[in-house]
Amino acid sequence: MLEITNLHAKVEDNEILRGIDLKVNAGEVHAIMGPNGSGKSTLAGVLAGRPIYEVTAGGVTYDGKDLLGLSPEDRAREGLFLAFQYPVEIPGVSNMYFLRSALNTGRRHRGLDELDAMDFLRMVRGKMKLLGMDESLMNRSVNEGFSGGEKKRNEIFQMAVLEPRLAILDETDSGLDIDALKVVAEGVNALRAPQRAIIVVTHYQRLINYIVPDFVHVLYNGRIVKSGDRQLALELEQKGYGWLGIPNGTLSPAAVAGAESVLAR
Amino acid sequence: MSTTREIEALANQEYKWGFVTPVAEDSVPAGLNEDVIALISAKKQEPEFMLEWRLKAYRQWLKMTEPTWANVHYPPIDYQAIVYYSAPKTQKDGPQSLDELDPELIRTYEKLGIPLREQELLAGVAVDAVFDSVSVATTFKEKLAEMGIIFCSFSEAVREHSELVKKYLGSVVPSSDNFFAALNAAVFSDGSFCYVPKGVRCPMELSTYFRINAKDTGQFERTLIIADEGAYASYLEGCTAPIRDTNQLHAAVVELVAHDNATIKYATVQNWYPGDKEGRGGIYNFVTKRGKCLGVNSKISWTQVETGSAITWKYPGCLLVGDNSVGEFYSVALTNNYQQADTGTKMIHIGKNTKSTIISKGISAGHGQNTYRGMVKIQKSAEGARNYSQCDSLLIGDKCGAHTFPYLEVKNAGAQVEHEASTSKIGEDQIFYCRQRGMSTEDAVSMIVNGFCKQVFRKLPMEFAVEAQKLLGVSLEGSVG
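Here the structure is a predicted model, which means the values were calculated and not measured.

Peer 1: When you look at the overall build of chain B in this model, what are you seeing that I'm missing?
Peer 2: Assigned secondary structure in chain B consists of 13 helices and 23 strands. Looking at the 481 residues of chain B, the share that counts as buried comes to 63%. In chain B, once contacts between residues fewer than 6 apart in sequence are set aside, the share between residues at least 24 apart is 84%. Approximately 17800 Å² of chain B is accessible, and the part contributed by carbon and sulfur atoms is 50%.

This is how it looks when you write it as structure tokens:
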């Protein structure tokens, strides 16, 4: 479904990705782990088409198509979904209206009829329950005044409604307490399906205790330095990244200056 | 950054509603003197008091100077080069029905999407349509008349209801109020008049569409709305204008009077020609709008969506005279390309327990400059007065500007005055978030801007709100960055 070949990307003048190779098939769950500044969020952003990143070499195919040649909205309409590390607030636009607009652009793209407000509500009720989304959250402005946990839950709720074929979860566990983490993980697990691939980007082992991946990759300094199965994640948990020759607490300065500050602003 | 460029590219669309209707004009020569004023008054068959009032205003105007305090810049206006009166020729005898109208005129309205017939039949809106300077169609008048409501052109009111006009004209905006109001008082051409008698609730939205069509003809509209005790009126005003190379001056005056327990709502969607992408042409809109809450428990509410004009100078305000009276101002002002807007409100608290609310949303795109200027004045007599002001600015791109000038004058220590202000930039992260969910950049910007304006739009009547949202989308096209 997704094939990344020798992918290089930079932000402003900082090269962050330095040759990523990765293949993801339908039905698989991949975890991408690594210390801060290793390029995890950059990889997620490049796949989604975030304009701040510039691809300098390599390529990505998605269902045989040149993914990098598609606009961000076309990638979304083709079924690529990014659960944001920092979900964005849009004051004055109700969560319900936003999500219905998103769903309907996708439906139009696939030649389906648009859903009106009533049909939409019927359709999302069950999914709200799945993620423990209170109806009041639907009528509030997108992410405005949401707690950290509510924002992350809202991302996974959007994913449940939009039913993407490739979902990328960028640090979805950050800022969640254990109960919220379980709810979110259950939501994601319910969406595991043979036709769907999921890439989970995370710093910690914690999330993948609940969303059990088929493959684990360790990203460091813009490259995948080790790949394995779930066992790899458990070893990392015990031994730390130092075990792979990655100095503990190492932050690649260029990456930190570039990616993290831009993403966090 | 590609998003910025894309957004900027969105702003480069031409004004969609610019066209000129070939209608024969009956104009007075350019320039202003007492003879021209007498001619205007004579052409309109006005009673003597009206001419005297105009001449008095003209003499005051001669002694006044054009205000320079607003944060807008434009070349000097040659007041002697302006044509102060023109009327479509075919209207001399006054049409008795829509069928008598110049078909070209009807087509103009249809191009604007406001077919009178459809409005009459479907929307239940009484339309007093001003084409250039003479009212050419008034509908639903009979129905309103049955309830005792007078809704007619200003010229007709001067002739048919001169006692009311005499009583209220200039009672809220005196002819000496300011330079542009004085000019208007001297030369005003036409406009709307509405009187809602005691205890009557006007059953429909009253509506006027203005157009400026005669070349180089300044438009000097005058509107007067009176709600007697316990009456209710809601008035909608919408404007578009054809493309012009030369600037056109517009100096309107609107006066509202609300007696005891009366309510007036006045909503404007203004979309005059803003000039081209380089800032050439466009309407100069220097407007004085004011309401007087004369009676106890009276209420006046202004809602405006300002997307057009090269220059906007406009401060719809309320004089809160009656105890417990309420003034409201809800505004969306958008400036794109080289548009300049200096707009806001004045809330003057005089009566006890008077209350005012100000919600202002300014959007600047392109090289647009958007200024909020608002005054809240609490007089000593205004025991228990309260005001809440909120001014938010949204910037699109990095060549535009937003400015806020709140003036507070509180002379009663018991008054409560709150002011909140914010300035934000439309975020690339917001746009990317929407795009990642499948929306185009254009739709994303439109959604974000409409969200920003929601507090104001929900104050508009439903169908007007829809129109306003569309207008905002059109006005933003090619402007975002």
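Peer 1: Please explain the interface of chain A and chain B as it appears in this structure.
Peer 2: Think of interface size as the accessible area that goes away when the parts come together; that is how it is often given. On the side of chain B, 20 residues touch chain A, which itself brings 33 residues to the contact. On the chain A side of the contact with chain B, Pro 51, Glu 73 and Val 88 of chain A bury the most area, a combined 23% of that side's loss. Counting across the interface, chain A meets chain B through 2 salt bridges. A salt bridge links Arg 437 of chain B to Glu 155 of chain A, with the shortest nitrogen-to-oxygen separation between them at 2.6 Å. Seen at the junction of chain A and chain B, the total is 12 residue pairs in polar contact (both at pLDDT 80 or more). Looking at the side of chain A that touches chain B, the elements that each hand over two or more residues are helix H2 (72-77), strand S6 (80-83), strand S7 (90-94), helix H3 (95-109) and helix H6 (148-162) of chain A. Its residues placed into classes, the side of chain A that touches chain B shows 19 nonpolar, 8 polar and 6 charged.

Peer 1: Is there a simple way to think about the sheet that holds strand S2 (residues 14-24) of chain A in this case?
Peer 2: The pairing of strands in a sheet happens through backbone hydrogen bonds and is either parallel or antiparallel. Spatially, S2-S1-S4-S5 (chain A) is the arrangement adopted by the 4 strands of the open sheet, whose pairing is antiparallel. Sheet topology places S2 and strand S5 (65-66) of chain A at the edges, where each strand pairs with a single neighbour.

Peer 1: Looking at this structure, how should I read the pairing of strand S19 (residues 355-364) of chain B?
Peer 2: The side chains of a regular strand alternate, first on one face of the sheet and then on the other. All names here are of chain B. Of all 10 residues that make up S19, 9 are buried, and the element is covered over most of its length. Pairing analysis gives 10 bridges linking strand S17 (residues 326-335) to S19, with the strands arranged parallel. If you follow Leu 334 over to S19, its bridge partner there is Ile 363. Alignment of S19 against strand S21 (residues 386-395), held across 10 bridges, turns out to be parallel. Across the sheet, the residue bridging to Ile 359 is Gln 390, located in S21.

Peer 1: Can you help me understand the side chain of Thr 335 of chain B in this one?
Peer 2: Mapped onto the elements, Thr 335 of chain B comes out in strand S17. Leaving out residues up to four positions away in the same chain, Thr 335 of chain B has contacts with Gln 340, Ala 341, Ile 363, Ser 364, Ala 365, Gly 368, Gln 369 and Asn 370 of chain B.

Peer 1: Hey, could you run me through the sheet that holds strand S11 (residues 215-220) of chain A in this one?
Peer 2: Residue and element names in this part refer to chain A. Pairing within the open sheet is mixed, and its 6 strands lie in the order S6-S9-S10-S3-S11-S12. Of all strands in the sheet, those with a lone pairing partner are S6 and strand S12 (223-228), marking the two edges. The mean inter-strand angle of the sheet, taken between neighbouring strand axes irrespective of direction, is 20°. Of the strands in this sheet, S6, strand S9 (166-170) and strand S10 (197-202) touch H6, which is tilted by about 165° from S6. Together, strand S3 (29-33), S11 and S12 form the strand contacts of helix H9 (residues 230-239), whose direction differs from that of S11 by roughly 50°.

Peer 1: Just to check I follow, could you spell out a positive patch on the surface for this structure?
Peer 2: A surface patch of positive charge is lined by Arg 201, Lys 265, Lys 454, Arg 458 and Lys 459 of chain B. Mapped onto the elements, Lys 459 of chain B comes out in the loop between helix H12 (454-457) and helix H13 (462-476).

Peer 1: Looking at this structure, I do not really get the pattern of salt bridges. What am I missing?
Peer 2: Two side chains that carry opposite charge are able to pair once their charged atoms sit near each other. Applying the stated criterion across every chain, the model contains 23 salt bridges over all chains. Glu 73 of chain A serves as the salt-bridge partner of Arg 435 of chain B, at 2.6 Å between the closest nitrogen and oxygen. Here Arg 435 of chain B, found in helix H10 (residues 428-436), pairs with Glu 73 of chain A, found in helix H2, and the two come from separate chains. There is no split in this pair, since Arg 435 of chain B and Glu 73 of chain A are both buried. For the salt bridge of Lys 151 of chain A with Glu 89 of chain A, the shortest nitrogen-to-oxygen distance reads 3.3 Å. With Lys 151 of chain A in helix H6 and Glu 89 of chain A in the loop between S6 and S7, this pair connects stretches of sequence that are 62 residues apart. Taking relative accessible area as the criterion, Lys 151 of chain A reaches 17% and is therefore assigned buried.

Peer 1: So what exactly am I meant to see when it comes to the state of the cysteines here?
Peer 2: As used here, a disulfide is simply a covalent bond connecting the sulfur atoms of two cysteines. Counted by the stated rule, this structure contains 0 disulfides over all chains. There is no disulfide at Cys 318 of chain B, and the cysteine sulfur nearest it, in Cys 293 of chain B, is 5.4 Å away.

Parameters and conventions
- Residues numbered from 1 in each chain as written.
- Chains lettered and ligands numbered in written order.
- Predicted model: local features only at pLDDT ≥ 70, side-chain atom pairs only at ≥ 80, totals over all residues.
- Heavy atoms only, no water.
- Helix = DSSP H or I, 4+ residues; strand = E, 2+ residues; numbered from the N terminus.
- Buried < 20%, exposed > 50% of the residue type's maximum accessible area, 1.4 Å probe, protein only.
- Contact = heavy atoms within 4.5 Å.
- Areas by Shrake-Rupley, 256 points an atom, 1.4 Å probe, with all protein chains shown as cover.
- Buried area = accessible area lost by both parts, 1.4 Å probe.
- Salt bridge = Lys/Arg side-chain N within 4 Å of Asp/Glu carboxyl O.
- Polar contact = N/O pair within 3.5 Å; in protein donor to acceptor, adjacent residues only side chain to side chain.
- Nonpolar A, V, L, I, M, F, W, Y, C, P; charged D, E, K, R; others polar.
- Pairing = 2+ DSSP bridges.
- Axes fitted to C-alpha atoms, helices over the stretch in contact; angles between N-to-C directions.
- Patch = residues over 30% accessible without salt bridge, like charges linked within 9 Å, V, L, I, M, F, W, Y side chains within 5 Å.
- Lys, Arg positive; Asp, Glu negative; His and termini not counted.
- Charge placed at Lys NZ, Arg CZ, Asp CG, Glu CD.
- Disulfide = S-S within 2.5 Å.

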